[in-house]
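Below are the chains, spelled out letter by letter.
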Amino acid sequence: MMRNKGVKDWVLCAGREGEDMLLFSTMLAINEKMGKEDFIRLVMEWNQNSPHEENVIPNLEWRGKYRERYGNDTSWMEFESYNDGAVIACRYENVETDGTIWNTDYIVNFKERKLAVRLDRSFDEDAMQPRRTFMPPFFISNLIRGDYLEADGEVPVSEEPIEITHEGIDRLIDVINQKSSYCLPVIYVSRKSDNELPVNVKFLAKHLKGVAHVFVEANKSMDSILRERCNNRNEYNGTIGVYYPSQTESHRRVF
């Protein structure tokens with residue numbers, strides 16, 4: 001459990017097993033537009049614009065320091081600076097009345113232009129049955145809308161689905177044949193036999209908040225091409241494929 005521990009404690013313990021339940025983790029590439037003050041401003045705006053009043057830290061304003069803590073024992077935010085300012089890290093913690101402890105970590109390496117995002121949950125001894133639902137932090141949406149993220153290869157990081165047409169089919173074929181080099185997962189949604197989609201792809205992409213690319217089959221007539229060029233490994237008839245950049249688990253199919 002990491003209650004009342006700061007971001008420095010998390011950085012030092014990041015590689016160890018603990019009692020926290022990791023819910024979400026991603027690594028994103030940031031462009032040169034984002035500076036240190038931009039990062040701090042965006043994190044604070046994320047907190048201040050939360051639709052959940054109990055998550056908002058009152059009177060949160062940057063005091064001009066890269067090592068500073070704000071808030072109280074039940075809702076706080078702490079910034080730390082490492083490697084002569086090349087790395088800025090932030091931890092936000094909120095302790096709910098039922099004993100659930102939510103930790104959100106943002107760590108930016110400005111030299112490598114990488115941003116790590118992590119969400120985990122732990123519990124007090126007297127915590128009630130936890131909620132099992134969560135969403136990626138809205139902070140990522142702010143990064144997308146502020147144009148702070150680098151494209152993943154030729155694919156922009158977006159909250160919108162990407163329609164794959166006959167003209168762009170090679171992009172999908174490379175994903176299915178594991179020849180692409182995307183850093184983010186790809187979710188491929190095929191069309192059903194009636195040419196309709198099995199899920200609301202706009203809703204899906206919106207709620208993923210850019211942490212995975214959502215590729216959508218433009219027309220069912222593409223199935224035969226995909227089968228031929230992917231050795232029948234492609235999804236079809238409304239199935240959904242999840243393709244991971246990791247070689248340990250490269251593909252999962254959802255029916």
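In what follows, the structure referred to is the one given above.
Residues numbered from 1 in each chain as written. Predicted model: local features only at pLDDT ≥ 70, side-chain atom pairs only at ≥ 80, totals over all residues. Heavy atoms only, no water.

Colleague: Describe the nonpolar core, naming the residues involved and giving the relevant values.
Modeller: Core analysis: the largest hydrophobic core is formed by 45 residues, its most contacted members being Phe39, Val43, Met77, Phe79, Leu115, Phe139 and Leu143. With 6 residues, the single largest contributor to this core is helix H2 (residues 36-48). If we ignore the near neighbours within four places in the chain, the residues touching Leu115 are Thr26, Met27, Leu28, Ile30, Phe39, Tyr106, Ile107, Val108, Phe139 and Leu143. Grouped together as the second largest cluster of nonpolar side chains are 17 residues, Leu172, Tyr188, Ala218 and Tyr243 included. (Core = buried A, V, L, I, M, F, W, Y, C linked by side-chain atoms within 4.5 Å. Buried < 20%, exposed > 50% of the residue type's maximum accessible area, 1.4 Å probe, protein only. Helix = DSSP H or I, 4+ residues; strand = E, 2+ residues; numbered from the N terminus. Contact = heavy atoms within 4.5 Å.)

Colleague: Kindly report on the pairing of strand E2 (residues 68-71), identifying the contributing residues and their values.
Modeller: Of the strand pairs in this sheet, E2 and strand E3 (residues 75-82) are connected by 4 bridges, and their pairing is antiparallel. From the neighbouring strand, Tyr70 faces E3, where its bridge partner is Met77. Following E2, the chain reverses through 3 residues before pairing antiparallel with E3. (Pairing = 2+ DSSP bridges.)

Colleague: Give me the lowdown on the sheet that holds strand E4 (residues 87-95), citing residues and values where you can.
Modeller: What the 6 strands build is an open sheet, ordered E1-E6-E5-E4-E3-E2; its pairing is antiparallel. Of all the strands in the sheet, the pair left with one neighbour each is strand E1 (21-29) and E2. Averaged over all pairs of adjacent strands, the angle between strand axes in this sheet comes to 10°, irrespective of strand direction. The pairing of E1 with strand E6 (residues 114-123) spans 8 bridges and is classified as antiparallel. Bridging from a neighbouring strand, Leu22 pairs with Asp120 of E6. Docked against the sheet, H2 engages E2, E3, E4, strand E5 (100-109) and E6, running at close to 170° with respect to E3. (Axes fitted to C-alpha atoms, helices over the stretch in contact; angles between N-to-C directions.)

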